Amino acid sequence: MKNIHKIGFLGLILTLLWGCKKDEILTTLNPNAVLTASLSTATSVLIKDNAAQDALTVSWTKPDFGFAAAPNYTVIVDKKGNNFAKPVNISVGSALKKTFKVAELNTLLIGLGLTPATVADLDIKVQSLIGTATVLNSTILNLKATPYLDKLDLSSPWGVVGSATPGGWNGPDLPMYKTAVANELVAYVTVIDGDLKFRKNNDWAENLGGSNGTLKAGGDNIAVKAGSYKITMNPVALTYKIDKFSWAIVGSAAPNGWNGPDVNMWYDATVDLWRAEVALIDGDIKFRQNNDWGVNLGGSAGILKAGGDNIPIKKGTYLVTADFNALKYTVTPYKPWGVVGDATATGWGDKPDQKFIYDLSTETWYLNGVVLKGTGGFKFRENDDWGNNLGATGSTEPAPIGASGDLVANGKNFAGTAGTWNFVLDLRDKAKPIYKAVKK
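All values derive from a computational prediction rather than experimental measurement. (Residues numbered from 1 in each chain as written. Predicted model: local features only at pLDDT ≥ 70, side-chain atom pairs only at ≥ 80, totals over all residues. Heavy atoms only, no water.)

**Things to note about the packing of aromatic side chains**
Argument step 1. Tallied over the full model, the rule gives 25 aromatic pairs.
Argument step 2. With centroids separated by 6.0 Å and ring planes inclined at 40 degrees, the aromatic side chains of Trp258 and Trp293 adopt a geometry described as tilted. Of the two residues, Trp258 sits in the loop between strand S19 (247–250) and strand S20 (263–264) while Trp293 sits in the loop between strand S23 (283–289) and strand S24 (296–300), which places them 35 residues apart along the sequence.
Argument step 3. The class for Trp258 is partly exposed, based on a relative accessible area of 29%.
Argument step 4. By relative accessible area, which is 37% here, Trp293 ends up partly exposed.
Argument step 5. A ring pair is formed by Trp421 and Phe423, whose centres lie 6.1 Å apart and whose planes are at 5 degrees; its orientation type is stacked.
Argument step 6. The rings of Phe356, Phe378, Phe380, Phe414, Trp421, Phe423 and Tyr435 are connected pair by pair, giving a single aromatic cluster.
Argument step 7. Against the face of Trp293 rests Arg288, its NZ or CZ located 4.6 Å from the ring centre. (Phe/Tyr/Trp six-rings, centres within 6.5 Å; stacked < 30°, edge-to-face > 60°. Helix = DSSP H or I, 4+ residues; strand = E, 2+ residues; numbered from the N terminus. Buried < 20%, exposed > 50% of the residue type's maximum accessible area, 1.4 Å probe, protein only. Lys NZ or Arg CZ within 6 Å of the ring centre and 35° of its normal.)

Next comes the structure, spelled out in structure tokens:
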């Protein structure tokens, strides 16, 4: 009887071992499996007017893994010769192709640091993953691409300077922007009681002043009263004009209701839009000029019209943009990123973080003029909350801050390095957020 039991037990073990061996054989990668990928074109010259059109398709065939598999694929793009050290990764799930629109591909290329209107060489590969393991990489595909500048360049060397401006007589000057009128420049400013002049390149070597709309080299200071203005100036015709001017948000959802004062919007020359980052409550809003109902705009579905309907709003913080030429608007939930830490002036959360501004033209976040102490540390976090925060990679803490680098969720503190810093956060690839830092 004992022998029968022993034989039965041995048979069970052999059966289990065979089952394990069989599973192992079934899940062994076919050594001849190949991931073959191709590009729809080897050269892509991107044109802004074609932003919504298809620019490039990367396609591939499912490899013969030697067993039933459900891989996920990632398209990986980097500058040629960079050995995919700092690539852009685009996860596409189980799809067997990825089509890039012109605008999408252009954003990717600019994010890699390519120069607009200049041809550049790129390396592209496709990677398949089963679970968390990299199974196969395709051969490297080559693409010649030319991106376009998606950021308006309305800048000019001229600015507004004076005791009425935030920078005083020493600057930095308030910028003036090009307009559709030849040689005419414009600035949208909020000033205090005082004087102003115009000067070139933040320097007194070339400056203009005057009175009654006429300018001359080295002319008189121009007196202004506190308020918001549209200032136009022509350095060739030597003329200027100063008009009371503002666009703002008003309504029951706004902090001061329908009677104002309204929430001022500011002009973003990189996208030629007016914008405001504002906390609103349940209610309605409209846009109006100069805190007056003489010119007001409302509407729906992103379209504005003179005297249009109130725009309903739910409680929240929003990025509001408006194109008062094309009569379009957007209202987008807004959770700003900030810098936090005892190396900063606001500490580890005792006060609101110093907030980044979202750059609509590059889809990145920027914060200039951050003063860091030479001691302590700092990190980046979203919306004054630790639920979403980014720090340094690696195990060293505090980690040195470099000119650029990778970020990781809940990462290590960066070390405070004394000085004034400008920061950029590029969070477009959620799997690979990066930062740039410049000490002024």
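There is more to say after this.
**With respect to the pattern of salt bridges**
Argument step 1. All told, the structure shown has 14 salt bridges when counted by the stated rule.
Argument step 2. When the shortest N-O distance is used, the salt bridge between Arg199 and Asp173 registers 2.7 Å. Highlighted residues: Arg199 in strand S13 (residues 194–200) and Asp173 in the loop between strand S10 (155–161) and strand S11 (174–178), separated in sequence by 26 residues.
Argument step 3. Judged by relative accessible area, which is 11%, Asp173 ranks as buried.
Argument step 4. Between Arg275 and Glu277 there is a salt bridge, with the nearest N and O atoms lying 2.7 Å from each other.
Argument step 5. Each member of the salt-bridge network shares a partner with another, and the members are Lys86, Asp406 and Lys432. (Salt bridge = Lys/Arg side-chain N within 4 Å of Asp/Glu carboxyl O.)

**Points about the pairing of S24**
Argument step 1. With 4 of 5 residues buried, S24 is to be regarded as a mostly interior element.
Argument step 2. Bridge analysis of S23 against S24 gives 2 bridges, and the strand direction is antiparallel. When the bridges of S24 are listed, Phe287 appears paired with Leu297.
Argument step 3. In this structure, the hairpin formed by S23 and S24 is closed by a connection of 6 residues, where Asn290 is found at a positive phi of approximately 60 degrees.
Argument step 4. Of the pairings in the sheet, the one linking S24 to strand S25 (residues 303–306) comprises 4 bridges and is antiparallel in character. Bridged to Leu297 within S25 is Ala306.
Argument step 5. Connecting S24 to the next strand, S25, in antiparallel fashion are 2 residues, including Ala301 with a positive phi near 55 degrees. (Pairing = 2+ DSSP bridges.)

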